[in-house]
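One letter stands for each residue in the lines below.
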Amino acid sequence: EITANWETSLRETLQVRYHANYKDPIPVLQSIIDEKVLDLGELPTFYPQVLHMLKSTRYQHFVMTVPPSDKQLVRQSLEDANISFEETSSASEAMESFSLESGEPAVVVLESEESGLQDILNSSVGETVVVVDGSYKRLEAMVPLFGDSIPRQGNIGNTPFQKKLSLNLGKWACGNPTTVAKATMNPWTDVVTMEKLQESFLAGAQSQ
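What comes next is a walk through the structure. (Residues numbered from 1 in each chain as written. Predicted model: local features only at pLDDT ≥ 70, side-chain atom pairs only at ≥ 80, totals over all residues. Heavy atoms only, no water.)

**A word on the nonpolar core**
Now for step 1: Leu-117, Val-131, Leu-165 and Leu-167 are the most contacted members of the largest nonpolar core, which totals 23 residues.
Now for step 2: Those elements that place two or more of their residues in this core are helix 5 (91-97), helix 6 (116-122), strand 4 (128-133), helix 7 (136-142), strand 6 (164-170) and helix 8 (177-185).
Now for step 3: In this view, Leu-117 contacts Val-129, Val-131, Met-142, Leu-145, Leu-165 and Leu-167; residues no more than four positions away in its chain are not counted.
Now for step 4: With 19 residues, the next largest nonpolar core counts Phe-46, Phe-62, Ala-81 and Val-192 among its residues. (Core = buried A, V, L, I, M, F, W, Y, C linked by side-chain atoms within 4.5 Å. Buried < 20%, exposed > 50% of the residue type's maximum accessible area, 1.4 Å probe, protein only. Helix = DSSP H or I, 4+ residues; strand = E, 2+ residues; numbered from the N terminus. Contact = heavy atoms within 4.5 Å.)

Take a look at the structure:
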């Protein structure tokens, strides 16, 4: 009941009550966490399975959207795994940087942005966009991009952008059974395990 009816208002109330000089305290708290991590001299561990998938997959294009606080973690993890990547400031710029003639996957690191997915769907690169996110709320916000279409086989649906779209909640990043159940029951979203994602990456078509 709290999740369904009170989560947003509780968060807003706490942000006002425990303000940082009348500003949103979340960025302040995040910056303190970032400083503590730097003081430790090491970054948290990035999922090694994801790094392996990026090196062995047949998919060609990847956009990793991360908050500013996590960019250094992703950057260092990709460098340590010898995975080449680029950093861009917008999804449109990311899609322009992809080269269809490249023999290896192209990885672009992009700061999270509101219009990111729509810009990717509007681009001329690829035929299918597969989204894997750890936040069900973000996935819900993406559902209108399907237009009037409802995904059918394999949780892949048509969009008004002449591309197919698939929205998936990463089960390893969400430990809430209620949220997992919501994503499973929602006709526009699905739940993917790390094992299932690995299988999909290894079987990926080069056109995607």
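**Let's talk about a nonpolar patch on the surface**
Now for step 1: Side chains of Ile-26, Val-28, Leu-29 and Ile-32 sit close together on the surface and give an oily, nonpolar patch of about 330 Å² of accessible area.
Now for step 2: Inspection of the secondary structure puts Val-28 in helix 2 (residues 25-40). (Patch = residues over 30% accessible without salt bridge, like charges linked within 9 Å, V, L, I, M, F, W, Y side chains within 5 Å. Areas by Shrake-Rupley, 256 points an atom, 1.4 Å probe, with all protein chains shown as cover. Salt bridge = Lys/Arg side-chain N within 4 Å of Asp/Glu carboxyl O.)

**Focus: the packing of helix 3 (residues 48-56) against helix 9 (residues 194-202)**
Now for step 1: Remark: helix 3 packs on helix 9, axes separated minimally by 9 Å, with the N-to-C direction vectors making an angle of 10 degrees. On the basis of their axis angle, the class for helix 3 and helix 9 is roughly parallel. On the side of helix 3, the interface is formed by Gln-49, Val-50, Met-53 and Ser-56, while helix 9 contributes Met-194, Leu-197, Gln-198, Phe-201 and Leu-202.
Now for step 2: For the contact of helix 3 with helix 9, a count of residues per class yields six nonpolar, three polar and no charged. (Axes fitted to C-alpha atoms, helices over the stretch in contact; angles between N-to-C directions. Parallel < 35°, antiparallel > 145°, perpendicular 65-115°, else oblique. Nonpolar A, V, L, I, M, F, W, Y, C, P; charged D, E, K, R; others polar.)

**A short note on unusual backbone geometry**
Now for step 1: In the Ramachandran plot, Asn-21 falls in the positive-phi region, its phi being about 55 degrees despite a non-glycine side chain.
Now for step 2: A positive phi is found at Asn-82, a non-glycine position, where the angle reads about 60 degrees.
Now for step 3: Within the secondary structure, Asn-82 sits in the loop between helix 4 (71-80) and strand 2 (86-88).
Now for step 4: Given a relative accessible area of 68%, Asn-82 falls into the exposed group.

**Brief notes about the pattern of salt bridges**
Now for step 1: By the definition in use, this model includes three salt bridges.
Now for step 2: When the shortest N-O distance is used, the salt bridge between Arg-75 and Glu-87 registers 2.7 Å. Here Arg-75, found in helix 4, pairs with Glu-87, found in strand 2; they are twelve residues apart in sequence, far enough to count as distant.
Now for step 3: Among the residues examined, Glu-87 registers a relative accessible area of 34% and is labelled partly exposed.
Now for step 4: With a closest N to O distance of 2.8 Å, Asp-133 and Arg-138 form a salt bridge.
Now for step 5: For Asp-133, a relative accessible area of 12% corresponds to the buried category.

**A word on the side chain of Asn-155**
Now for step 1: Mapped onto the secondary structure, Asn-155 falls in the loop between helix 7 and strand 5 (157-158).
Now for step 2: You can call Asn-155 buried: its relative accessible area is 7%.
Now for step 3: Here the side chain of Asn-155 touches Leu-167 through a polar contact of 3.1 Å, landing on its backbone oxygen. (Polar contact = N/O pair within 3.5 Å; in protein donor to acceptor, adjacent residues only side chain to side chain.)

All we've got here are geometric facts, nothing functional implied.
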